[in-house]
Structure formats: structure tokens, C-alpha cells
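Each chain, letter by letter, is given below.
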Number of protein chains: 2
Amino acid sequence: MVTRKEVAELANVSEATVSRVFNGLGPMKPATKERVLEAANALGYHPNAIAQSFARRRSGNLGVVLPYMPKVHLFSTYYFSEILSGIGEQVREMGYDLLLSLLTPDDELDYGRLYRSQKVDACIILGSMDTPSQRQSLLHLQENGHPFCLVNQRFEGLDFLEVDADHVEGSYQAVRHLIDEGNRQIAFLNGSPQYSNSRDRWLGYQRAMLEAGLPINSELLLEGNYSRKSGYEAAAKLWEMRGRVDAVFAANDRMAIGVMQGLRERGWMAGREFAVIGCDDSDAAKLSDPPLSSIAVPFFEMGKGASRLVLASVGQGVSEEGQVQLSTQLRIRQSSIKRQY
Amino acid sequence: MVTRKEVAELANVSEATVSRVFNGLGPMKPATKERVLEAANALGYHPNAIAQSFARRRSGNLGVVLPYMPKVHLFSTYYFSEILSGIGEQVREMGYDLLLSLLTPDDELDYGRLYRSQKVDACIILGSMDTPSQRQSLLHLQENGHPFCLVNQRFEGLDFLEVDADHVEGSYQAVRHLIDEGNRQIAFLNGSPQYSNSRDRWLGYQRAMLEAGLPINSELLLEGNYSRKSGYEAAAKLWEMRGRVDAVFAANDRMAIGVMQGLRERGWMAGREFAVIGCDDSDAAKLSDPPLSSIAVPFFEMGKGASRLVLASVGQGVSEEGQVQLSTQLRIRQSSIKRQY
DNA sequence: TTGTAAGCGTTATCAT
DNA sequence: ATGATAACGCTTACAA
């Protein structure tokens, strides 16, 4: 390995000068700089990032914490994929590297490992839920001065860095759209209320229904776990209620597709006997038959924003507001438009 | 930050002894160990990973290099997602961390950055193509002693670490299945021949056709870029050839779904007027309508295998054969079974 | 069984 | 504008 020392010797300068050249510091005679650069080039010198981290007491790594999800190959979901891509783009612009951390059930409580080992300067935490134990863990991080940012999750009453989407408005628009299309009995297949976005969607649903003078019927409220299977199972319940339900709003696309598949097996087709709209506007929405209407959530941008935010808090880049909310968008396709066939 | 020094003082031992305790080295009086552990605990000591890397001259990081793909949000594909999950699982078992590197067009040539900066001990390179310039880059890495492993790509004539799937056999089985179902004129929508798996599939296709005494008709060979759109476009060509084609084998699921969508718009339904089979057995295969027959490729296991292989080459774990090939599996669903409706 | 001390390749501070 | 040098927190001979 070529070290600074060798470069210094070849260039006939001190090691400190070599450092200054590579860090662009201090005033410097152009000729000296030139000599150093030439020497470095001749020797094939590249600064050792580990040594730099060691001396700077900064790793230059941004941690990305991914939740433990049993039986799910984590990255296989549009959600995480998009966010991760966004993080990647931002991070590289800021000269940081990405350190991935896949949680196991054991270290659920122990978000701190990466920080304590100093492998990361800050983290982005994905897929966190609002449970007492997670609140506790995050509070600990905050108390210990470990900077982090949450994506797509808010913790009411706590002051964390958060990048979220406007799920209330998105949900409102989805339900509003279904109502505009002439539906009155609108089922809502939501996710766990431990996700703030589920609670937000529920608010949006209520707002749209009430605004249209429609009743909130608790029979029409179902809960799934974001899997296609849970949507498929919900279809069975919806089928039981046929005659008392004419549309479904699902909290993600996979469940919406599961619903469509389940009802199709019983002869009901989305866009004909009933209307369906999902959330995320994932690839699957375009792949499904009929194409699925959906609420587009800017996951990619959310990943970028979270990176910017949390790195700013560590002194990189310009600082911003601690809580960010991006807007969603309604994408109408065939599944929510009832046509005559 | 609590350092080893403080622990040593509190435990009344030398710093070296503290290190030995934490690295489980050398013989040691249990009482001493006990005292050190207690002191560490009392102070909340955790070894500094950066300092360890620095002293060991090993980062403890495995780099994952992802290709540059314009206009594609990289992780949004089943392919990369699965492999990455597999890598993650293996890496954590071996106490390594994962450093992600998203290539830009500029550093296409410069695979070496991560190594030179010493941020990683080895890399897994995903999505590489067999072009002269990439061969060159990889050869350079090898010459410079930078360990790496390729996934799902072979470079004939070169001796790299590679974990691949048996695409010849997978393709053979797919086409064989189509033939068994009574199809004779089988179109093949392949990917770029710069991917070894495309060449492999082509071999499997030929083998199945020849074995069944069927002609290889070059008109039936199409090339796409793995996007749904390219499948959709291929559908137009296939439609032109109607009467001279009764089945399609596509090199991935997304293209297969694009084909189904394109032909459905013209009134042809997969599993009725024609048969379709894809590759990857991604989620989309189950989400599509009709469900898509596909060749399952063990991407997750391939990621695990590549991690094991390349870390072994760096002296972690037990070493293995340099070239690994895992088997694929035929998954028959409705799209390839023509039924009477 | 434990201590001593020489690295490791930088950064950053203080001189000059 | 440049050089000397003390950290930085650990690993790892070597000594005792």
C-alpha cells in the first residue's frame, strides 16, 4: 500500500503538505501542489479511508436500518426498494457511503450497535412501528446523541427527524375519487395502526366519507398485513358482504391486487362489478389486470430527503426543517372506473 | 467515548489485557477476565470498529457493487432485491457489514475505488456484462489482488469467482414444457447476449427444439431489455406473425407480462390462444393474470453463496470451489397451459 | 498469565 | 507556505 509518507519523500515535502493537497486546505504554492500530485500519481497513492475515518473520528458512512420481517424477503418490496434508491442517490452526492444493517429479532431493541461501534455517523431507520418498545429505543438513541431520521413514520409527541408523505390527503383523494365514480359503500382494507400512515389513511377515509354525507360503517373496515395473501383473504369477507359493498380502498397495491384476485375467482371483476384502488403506485399496479388505480407516494424522494436531513444534522450540507411531508398523487387506471362490458 | 484505556484503569490491568478479553485471545485468569468485563460494563465500553479496522488493516465490510442503469430505479427489480437479501443474511452470520456502492456512468471503469480507499475487504459485483471494457476492469481488479465475486454472470476463459444458476437447463425445461403442451412454433424473447445467462438460455432453447425435431426459426428470436415495455413491443411483432407462433418463452417475467398485455389488447389471452412462460419466478408472476409460468432462479441463495465464496477468499470461513452453479426450477401456472374456455 | 510498547496512516495544532 | 509532531484507539509482537 502506498502511503502519504512515500509521496512526501518523493515530492520532497512533509507529510502534512501531502495531506493539505489532498484535502484542499490552506494556502499553497501551486508548484508544491503540482509536485505532490505528480508524486502521488507516479506512486499510485490513494488516501486510506479507514485511516481518515480514524483520525477524523467520522466514518463517512450513513447507516440504513431495515426492520426484521419474518418470512419476507425484505427488499422484494417496492416500498423499501424505492426508498433505498433515493438514499443511495443523495448519499453519493454528499460523498458518503451506505452501510446496510438488517435487523434480527434480537437486536430489535438494540438500534445502537452501529453507532457505538462508530461504523456510522447517522442512520436512516426504515419500517419502524409506533410500539412502546420502539419509542423507547428511539428515545434512547436521541438521548445518547445518535442522529437518525425516520421515513414514512411519525411519532406524535416526540421530536425526531421524519420524512413522511401526506397520507391523509392521499387517502382522502382516493376515497373521494371512488365516491365521485358513484360508489357509496366503500370498504377500507387498512394496515396496522402501529404505522402512522395507517392512522393517516383512516383520517382521510373518514373525512371523504363524512364530507359526502356517507356513514362510516365499521363492518367495512378490514385490516391486512400488506401481503397479497391478506388481500386475497379480505376478498372472502367482502364477498360475504356483496350487495353491501361496491368499492374497496386498500392501503397498498399488493393487498389491492389480492382483493382483485380473490373477487375475480368469484366472478367479480374490478372495474366492472366493483371498484378498487390501492396505494404506492408500485410496478405491480401497472402489471395487474385490470391496471390498478393507486396513490403514488414519492418513496424515492423521501429517501433522498431523509438522507439530506440526517446528514445536515451531522454537519454535512445545509440544515433543514426536522419534519418533512411530501405530497402524494392520485393515479387513476381501470380498476376504479366501472364500465359497461 | 469510553476507550480501552479507561477500562484498563478501572480494572487495574493493562490495555492489552482488555483487548485480549474482547478478542478472546490467549490464556487468561478467569478472575481477570471477570474484572475487565465488569469494568467495561460499568463504563459502557464498546470497542471502536474504526480503530479496529485501522489496526487490523481490514475494514470488516463487504462491498456490493450495483450497476448503473439509467432511468431504472435500481432496487425496484426482483432480481437485485433477492440477491441483496441473500448477501445480507450471509454477511451478518459472518460478522461483516455491507457497504453499498451504486455505480455512476463515470466510475463504470473504476471498480477499484472502494478497494483502494480500503473501505471494503472484498466485493460482490452485480449486473456486470461481458463487454471488453468490463472484462478489462475485472482483470485489473484481479491483477491488483482485489477479491470479488460475480453473481449470475460468467466470463468464459477467465478464472473469476462466480455464482451462477443453470440457465441452460432452466431454459431447456421451459421450452420442453411448452413443447409437451403441444406447442410447435415457439418464440424466444431473449435478453442481451452480453449476459451469459442469455447465451445459456439460447443453448437450452436450441437443445429442446432440436431434441423435439423442431426447426430453429430465426424469425422467432426476439431481443428485449428486460423491461415490461420491451415485452409489450415484442407483442406487436408476435401479432404480426400470428398463425406462425403459438407460444413465447421470455427471458424474464416482466417481459413475459408485457407480452401478455400486448397480446391481450389484441384479443389473445395467455393460456388460451397462446402459451407464455417467463423467467425468475418473481412476485409479478403470481400477481399477473393469468398467473405466469416461470423458471425459478434461486437469487437469494446465489447472494448467500457469493458472500460465502468471496469472504472465504479473504480468509473468513472455509474456502470453496471458485465457480458455483445452482439449479433452477420450473413453475407451471396457467399462462402456459392452453385450456378451452 | 500479564505488561510494555511499537506500529497503523491519517488529521490537526503549533511552530517556523 | 510549510514542517514537526502529538494525538487517535486499537492490535500484536515481545518481554517479563
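Along each chain, residues carry numbers from 1 onward, in the same order as the chain's sequence is written. Starting at A for chains and at 1 for ligands, labels are handed out in the order in which the entities are written. Local features in this predicted model are restricted to residues of pLDDT 70 or higher, and side-chain atom pairs are both shown and tallied only at a pLDDT of 80 or more, whereas totals for entire chains, interfaces and linings draw on every residue. Note that the side-chain values use all heavy atoms of the structure and ignore hydrogens as well as water.

- Under an unreviewed UniProt entry, the name given to chain A is LacI family DNA-binding transcriptional regulator, and the organism recorded is Paenibacillus roseopurpureus.

1. Section: the pairing of strand β3 (residues 122-125) of chain B
Residue and element names in this part refer to chain B.
Move 1: Buried, partly exposed and exposed residues are distinguished by accessible area as a fraction of the type maximum, computed with a 1.4 Å probe on protein chains only: under 20%, between the cut-offs, and over 50%, respectively. Secondary structure elements follow DSSP: runs of H or I of four or more residues count as helices, runs of E of two or more count as strands, with numbering from the N terminus. Here β3 shows a buried face lined by Ala122 and Ile124 and a second buried face lined by Cys123 and Ile125.
Move 2: By the convention used here, strands pair only if DSSP detects at least 2 bridges between them. By the bridge criterion, four bridges tie strand β1 (residues 61-66) to β3 in an arrangement that is parallel. Its bridge partner lying in β3, Val65 is registered against Ile125.
Move 3: When β3 meets strand β4 (residues 148-151), the two strands line up parallel, connected through three bridges. Looking at β4, one finds that Ile125 is bridged to Leu150.
Move 4: Handedness of the crossover is the feature at issue here: the chain leaves β3, passes through helix α7 (residues 132-143), returns alongside β4, and the resulting connection is right-handed. Handedness rule for crossovers: strands pointing away from the viewer, path from the first strand over the helix to the second running clockwise, crossover right-handed.

2. Describing the interface of chain A and chain B
Move 1: What makes two residues a contact is simply this: any of their non-hydrogen atoms within 4.5 Å. Counting from both sides, the interface comprises 49 residues of chain A and, opposite them, 49 residues of chain B.
Move 2: Put simply, buried area is how much 1.4 Å-probe accessible surface two parts lose in total, over both of them, once they are put together. For chain A, the biggest contributors to the area lost against chain B are Ile50, Arg92 and Leu287 of chain A; these three give 15% of the whole.
Move 3: The working definition used for a salt bridge is a side-chain nitrogen of Lys or Arg within 4 Å of a carboxyl oxygen of Asp or Glu. Here chain A is connected to chain B by eight salt bridges.
Move 4: Between Asp97 of chain A and Lys119 of chain B there is a salt bridge, with its nearest N and O atoms 3.2 Å apart.
Move 5: Definition of a polar contact: a pair of N or O atoms within 3.5 Å, with one able to donate and the other able to accept a hydrogen when the atoms are protein atoms, and with sequence-neighbouring residues admitted only if both atoms are side-chain atoms. Applying the counting rule to chain A against chain B returns 20 residue pairs in polar contact (both at pLDDT 80 or more).
Move 6: Considering each element in turn, the side of chain A that touches chain B owes the most residues, seven residues, to helix α5 (residues 78-93) of chain A.
Move 7: Each residue is assigned to one of three groups, with Ala, Val, Leu, Ile, Met, Phe, Trp, Tyr, Cys and Pro labelled nonpolar, Asp, Glu, Lys and Arg labelled charged, and all others, Gly among them, labelled polar. Residues belonging to the side of chain A that touches chain B are distributed by class as follows: 19 nonpolar, 16 polar and 14 charged.

3. Points about the protein's contact with DNA strand C
Move 1: With respect to spatial proximity, 29 residues lie near DNA strand C, and among them Arg4 of chain A together with Thr17, Arg20, Pro27 and Thr32 of chain B are the closest.
Move 2: Nearness of a residue to a molecule or strand requires only that one of the residue's heavy atoms be within 4 Å of it. Close to the protein, within 4 Å, the atoms of DNA strand C are drawn from sugar and phosphate at a rate of 54%.
Move 3: Taking Arg56 of chain A, its side chain carries an N or O atom lying 3.5 Å from a phosphate oxygen of DNA strand C.
Move 4: With respect to DNA strand C, the side chain of Thr32 of chain B contributes an N or O atom lying 2.3 Å from a phosphate oxygen.
Move 5: Secondary structure elements with two or more residues in the surface near DNA strand C: α2 (15-23) and α4 (49-56) of chain A together with α2 (15-23) and α4 (49-56) of chain B.
Move 6: Counted by class, the surface near DNA strand C contains 13 nonpolar, nine polar and seven charged residues.

4. So, the protein's contact with DNA strand D
Move 1: Neighbouring residues of DNA strand D: 28 residues in total, closest Thr17, Arg20, Pro27 and Thr32 of chain A together with Arg4 of chain B.
Move 2: Each atom of DNA strand D within 4 Å of the protein was classed as base or backbone; sugar and phosphate made up 56%.
Move 3: Here Thr17 of chain A contributes a side-chain N or O atom positioned 2.6 Å from a phosphate oxygen of DNA strand D.
Move 4: The separation between a phosphate oxygen of DNA strand D and a polar side-chain atom of Asn23 of chain B is 3.2 Å.

5. Some points on the sheet that holds strand β7 (residues 221-223) of chain A
All names here are of chain A.
Move 1: Overall, mixed pairing links the six strands, which are arranged β7-β6-β8-β9-β10-β12 in an open sheet. The open sheet is flanked by β7 and β12 (329-331), the only strands paired with a single partner. Across the sheet, the axes of successive neighbouring strands diverge by a mean angle of 20°, strand direction being ignored. Lines are fitted to the C-alpha atoms to define the axes, a helix being fitted only along its stretch in contact, and any angle between axes, read from their N-to-C directions, falls within 0 to 180 degrees.

6. Looking at the environment of Gln325 of chain B
All names here are of chain B.
Move 1: Mapped onto the fold, Gln325 is located in strand β11 (residues 323-326).
Move 2: Its relative accessible area of 49% is what places Gln325 among the partly exposed residues.
Move 3: Taking the C-alpha atoms as reference points, Gln325 and Ala31, separated by 294 residues in sequence, lie 50 Å from one another.
Move 4: Look past the residues within four positions of Gln325 in its chain and what remains in contact with it is Asp164, Ala165 and Asp166.

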